[in-house]
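What follows is each chain in one-letter form.
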Amino acid sequence: MSTQGADVSPSGTGAGRYAPSPSGDLHLGNLRTALLAWLLARSTGRNFLIRIEDLDRARDAGTADRQLDDLASLGIDWDGEPVLQTSRGAEHDAAIERLARAGLVFECYCSRKDILAAPSAPHAPPGAYPGTCRDLTEEERGAARERIAPRSPALRLRVPDGTVPPVFDDLVLGAVHGDIDDLVLRRGDGTVAYNLAVVVDDAAQGIDQVVRGDDLAPSTPRQILLQGLLGLPRPEYAHVPLVLGPQGKRLAKRDGAVTLADLRERGTGAQDVLGILAESLGLARPGERITTRGLLDRFDPRALPKHPWVYRGLPGAE
Ligand code: GLU
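These figures come from a predicted structure and were not determined experimentally. (Residues numbered from 1 in each chain as written. Predicted model: local features only at pLDDT ≥ 70, side-chain atom pairs only at ≥ 80, totals over all residues. Heavy atoms only, no water.)

> I tried to follow the overall build of the chain on my own but got confused; where do I start?
When helices and strands are tallied, the chain shows 10 helices and 12 strands. The C-alpha radius of gyration computed for the chain amounts to 21 Å, which stays within 12% of the reference 20 Å derived for 318 residues, consistent with globular compactness. Across its three principal directions, the C-alpha atoms of the chain cover 70 × 45 × 40 Å. Looking at the chain alone, contacts between residues at least 24 apart form 78% of all its contacts between residues at least 6 apart. Averaging the locations of the 38 positively and 44 negatively charged side chains of the chain gives two centres separated by 2 Å. (Helix = DSSP H or I, 4+ residues; strand = E, 2+ residues; numbered from the N terminus. Rg over C-alpha atoms; globule rule 2.2 N^0.38 Å. Contact = heavy atoms within 4.5 Å. Lys, Arg positive; Asp, Glu negative; His and termini not counted. Charge placed at Lys NZ, Arg CZ, Asp CG, Glu CD.)

> Looking at this structure, how should I read the site of the ligand?
All residues adjacent to the ligand are Arg17, Ala19, Pro20, Ser21, Glu53, Tyr194, Val198, Arg212 and Leu216. Here a nitrogen atom of the ligand sits 2.7 Å away from a polar atom, N or O, in the side chain of Glu53. Burial of the ligand by the surrounding chains reaches 75%, relative to a free accessible area of 300 Å². (Near = heavy atom within 4 Å. Polar contact = N/O pair within 3.5 Å; in protein donor to acceptor, adjacent residues only side chain to side chain. Areas by Shrake-Rupley, 256 points an atom, 1.4 Å probe, with all protein chains shown as cover.)

> Where do I start with the UniProt feature "binding site: Zn(2+)" (unreviewed entry) in the chain in this structure?
Those places that UniProt annotates as "binding site: Zn(2+)" (unreviewed entry) correspond, in this numbering, to Cys108, Cys110, Tyr129 and Cys133. The largest pairwise C-alpha distance within this set of annotated residues, which runs over 26 residues, is 10.2 Å, so the set is compact in three dimensions. Along the polypeptide, Cys108 turns up in strand β4 (residues 105-108). For Cys108, a relative accessible area of 1% translates into the label buried. Beyond its immediate sequence surroundings of up to four residues, Cys108 is in contact with Tyr129, Cys133, Pro153, Ala154 and Arg156. Looking at the secondary structure, you find Cys110 in the loop between β4 and α4 (112-117). Accessibility expressed as a relative area gives 14% for Cys110, which makes it buried. Every residue in contact with Cys110, bar those within four places of it in the chain, is listed here: Ile115, Tyr129, Thr132, Cys133 and Arg151. (UniProt positions renumbered as here; feature names shortened; annotations may be inferred. Buried < 20%, exposed > 50% of the residue type's maximum accessible area, 1.4 Å probe, protein only.)

> How should the environment of Asp161 be read in this particular structure?
Assignment of secondary structure puts Asp161 in the loop between β5 (154-157) and β6 (167-170). For the pair formed by Asp161 and Leu173, sequence separation is 12 residues and the distance between their alpha carbons is 28 Å.

> How do you make sense of helix α2 (residues 61-74) when you look at a structure like this?
Along an α-helix, a turn takes 3.6 residues, which lines up residues three or four apart on a common side. Counted at 1.5 Å a residue, the expected span for α2 with its 14 residues is 20 Å, and the 20 Å between its end C-alpha atoms agrees. Among the residues of α2, Thr63, Ala64, Gln67, Leu68, Asp70, Leu71 and Leu74 are the ones counted as buried. Down the axis of α2, the smallest arc covering the buried residues is 160°, so these residues share one side. At the exit of α2 stands Gly75, carrying a positive phi of roughly 100°. (Expected span 1.5 Å × (residues − 1). Arc of directions from axis to C-beta.)

> Looking at this structure, how should I read helix α5 (residues 138-148)?
Among all positions of α5, only Arg141, Ala144 and Ile148 are buried. Buried positions in α5, seen along its axis, are confined to an arc of 65° and lie on one side of it. Turned more than 90 degrees off the buried face of α5, the exposed positions are Glu139 and Glu146. Looking at the buried residues of α5, the elements they touch are β4.

> For this particular structure, what's the right way to read the side chain of Asp201?
Inspection of the secondary structure assignment puts Asp201 in helix α6 (residues 194-204). Look at Asp201 and you get buried, because its relative accessible area is 0%. Of the polar contacts made by the side chain of Asp201, one reaches the side chain of Gln85; its length is 2.9 Å. Excluding residues that lie within four positions of it along the chain, Asp201 makes contacts with Arg51, Gln85, Arg88 and His92.

> Would you explain the sheet that holds strand β2 (residues 47-52) in this entry?
Adjacent strands of a sheet pair through backbone hydrogen bonds, lying either parallel or antiparallel. With respect to topology, five strands assemble into an open sheet ordered β3-β2-β1-β9-β10, the strand pairing being parallel. Both edges of this open sheet fall to β3 (83-84) and β10 (236-240), since each of them pairs with a single strand only. In the sheet, strand β1 (residues 15-18) pairs with strand β9 (residues 207-213) via three bridges, with the strands oriented parallel. Paired with Ala15 across the bridge in β9 is Ile207. Contacting β1 and β2, α2 crosses the sheet at an angle of about 155° to β2. Sheet strands touched by α6: β1, β2 and β9. Its angle to β9, the strand with the most contacts, is close to 140°. (Pairing = 2+ DSSP bridges. Axes fitted to C-alpha atoms, helices over the stretch in contact; angles between N-to-C directions.)

> How should I be thinking about the confidence of the model for the chain in this particular structure?
Model confidence for the chain is summarised by a mean pLDDT of 91, while 92% of its residues fall at 70 or above. Of the regions scoring below 50 in pLDDT, residues 1-11 engages in 33 contacts with residues more than four places distant in sequence or in other chains. (pLDDT = per-residue confidence, 0-100.)

This is the structure:
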């Protein structure tokens, strides 16, 4: 895996981060979020760390390496070695174990279909876990284990009765209210769930500032709940607007020419892409040559973007 030593490593405490999943090359939307995370961390004297969130896929070092190379080619640097989430299994297991010892974990035998088919609790958000396996007897559990074999049960958090969903103050969105349910901690296939891993890993890496796409804002109350139950500190959050494609939907690979590799093929290098991203943030004039260091002088941490940027393709391109 390629690494990059940071040439500027603030001695202050605290860190921001970028945590890509290695599911494919980063596109302009991902890169813009990474740039904002870097700008906010560096402009507030924090370290900037990278975590590769590779729990979900068979490890594909090639993709993660390309993502790191793309970040570096824009001038986004980071401190220390990128952390692979799959290397942190022992800590994830220990956190689940702590919750289990506190009586806060139960086995769930439901398939996705079962959950969709179950009548949901009144006022529960769509897709929320209806509580099917929360209060089964030992006998019922034995029968359910047999019924689903060879599938293994998932593990869910038993949200303590009377828990009030946490409200958090987001640097972009303001006060965010969200729903919580008995979220999955470990899936039936043994994979640790994102919400558990992200909370444990952010705390272990000393992350006190989380910048990520606003599609993840609804997950944040669950993560804050877990932080509270595990006694972990709560970082500050900035959920930034996503980049939209020409149809007004979240930018995706199918919009074409949205990764650095695509754009390079069309003669648009990383420097130009940084310029386009900076322009979208109101930090550069069209066509201006700029570096990430130069952007730091112009960036105002209090002026994070509040609205999505619609990317309509390269200027002059059809
Ligand atoms: N790995 C997630 C993603 O690529 C981001 C998770 C996070 O920033 O908390 O969408």
